[in-house]
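# Per-entry structural report
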Amino acid sequence: MSEPFSVPVTVRGYETDVQGHLNQAVYLNYAEHARWSLLRAAGISQSALIGSGVGPVALETTIRYLRELLAGDEAEVTCAFLWSGGKTFRIEQSVVKTDGTVAAEISAVGGILGLEKRKLVADPAEVFRKLASGPGLLGL
């Protein structure tokens with residue numbers, strides 16, 4: 001089995017809170033950065049999505065904070081799309097420190113919004129499959 005897709009991040013001082021650890025909202029930014037990086041790696045750009053009349057939407061996000069991240073810490077943010085049919089899909093992510101310690105787990109439910117009708121498309125996997133030059137990166 002191949003390694004999951006990941007992007008490196010370094011915690012910047014201004015991203016920390018009064019306790020000195022990574023602010024909770026920044027985990028969402030890291031997760032979003034990894035998702036868009038994966039889509040780009042698979043050959044899907046924001047402009048291609050918009051040009052196709054669709055856009056990804058977040059429907060639910062859960063974050064489990066497991067270990068602190070401090071200013072200067074380096075980590076990898078993993079990202080994997082999971083498909084089960086229907087209008088939604090799951091995105092499973094982890095923020096992993098360089099020593100292998102999992103700092104956070106992020107689980108999300110997403111969909112693809114048809115921009116004209118403002119409704120979820122019936123088969124988001126097919127939308128990604130058609131747009132991607134590397135659909136295997138998305139588990140398709």
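Quick caveat, the model's predicted, so the values are computed rather than measured. (Residues numbered from 1 in each chain as written. Predicted model: local features only at pLDDT ≥ 70, side-chain atom pairs only at ≥ 80, totals over all residues. Heavy atoms only, no water.)

In this section: the overall build of the protein. Per the secondary structure count, the protein includes three helices and six strands. In the protein, the succession of α and β elements from N to C terminus is β-α-α-β-β-β-β-β-α. Considered along the principal axes of its C-alpha atoms, the protein spans approximately 45 × 35 × 25 Å. A total of 140 residues make up the protein; the buried ones form 37% of that total. A total accessible area of about 7,800 Å² is found for the protein, and carbon and sulfur atoms account for 52% of it. The centroid of the 13 positive side-chain charges in the protein is displaced by 10 Å from the centroid of its 15 negative side-chain charges. (Helix = DSSP H or I, 4+ residues; strand = E, 2+ residues; numbered from the N terminus. Buried < 20%, exposed > 50% of the residue type's maximum accessible area, 1.4 Å probe, protein only. Areas by Shrake-Rupley, 256 points an atom, 1.4 Å probe, with all protein chains shown as cover. Lys, Arg positive; Asp, Glu negative; His and termini not counted. Charge placed at Lys NZ, Arg CZ, Asp CG, Glu CD.)

Another aspect to go through is the pattern of salt bridges. Scanning all chains against the criterion turns up five salt bridges. The residue glutamate 15 makes a salt bridge to arginine 12 at a minimum N-O spacing of 2.5 Å. The class for arginine 12 is partly exposed, based on a relative accessible area of 42%. Here arginine 35 and glutamate 32 are joined by a salt bridge, their closest N and O atoms 2.9 Å apart. Of this pair, arginine 35 and glutamate 32 are both found in helix 1 (residues 24-41), three residues apart, which corresponds to roughly one turn of the helix. (Salt bridge = Lys/Arg side-chain N within 4 Å of Asp/Glu carboxyl O.)

Residue position: glycine 13 is located in the loop between strand 1 (5-10) and helix 1. Along the chain, glycine 13 and phenylalanine 89 lie 76 residues apart, while their C-alpha atoms are 34 Å from each other.

Looking at soluble globular proteins, one finds that nonpolar side chains tend to be buried together. Phe81, Val95, Phe128 and Leu138 are the most contacted members of the largest nonpolar core, which totals 36 residues. Where this core is concerned, the elements lending two or more residues are strand 1, helix 1, strand 2 (54-65), strand 3 (74-82), strand 4 (88-97), strand 5 (102-114) and helix 3 (124-131). Ranked by residues supplied to this core, first place goes to helix 1 with eight residues. Sequence-distant contacts of phenylalanine 128, that is, excluding residues within four places in its chain, are made with Leu39, Ile44, Leu49, Phe81, Trp83, Phe89, Ile112, Leu138 and Leu140. (Core = buried A, V, L, I, M, F, W, Y, C linked by side-chain atoms within 4.5 Å. Contact = heavy atoms within 4.5 Å.)

Between the first and last C-alpha of helix 1 there are 27 Å, a value that for 18 residues agrees with the 26 Å anticipated at 1.5 Å per step. Residues of helix 1 that are buried include every one of Val26, Tyr27, Tyr30, Ala31, Ala34, Arg35, Trp36, Ser37, Leu38 and Leu39, and no others. If you check the start of helix 1, you find a side-chain oxygen 2.8 Å away from the backbone N of alanine 25, and it comes from asparagine 23. (Expected span 1.5 Å × (residues − 1). Polar contact = N/O pair within 3.5 Å; in protein donor to acceptor, adjacent residues only side chain to side chain.)

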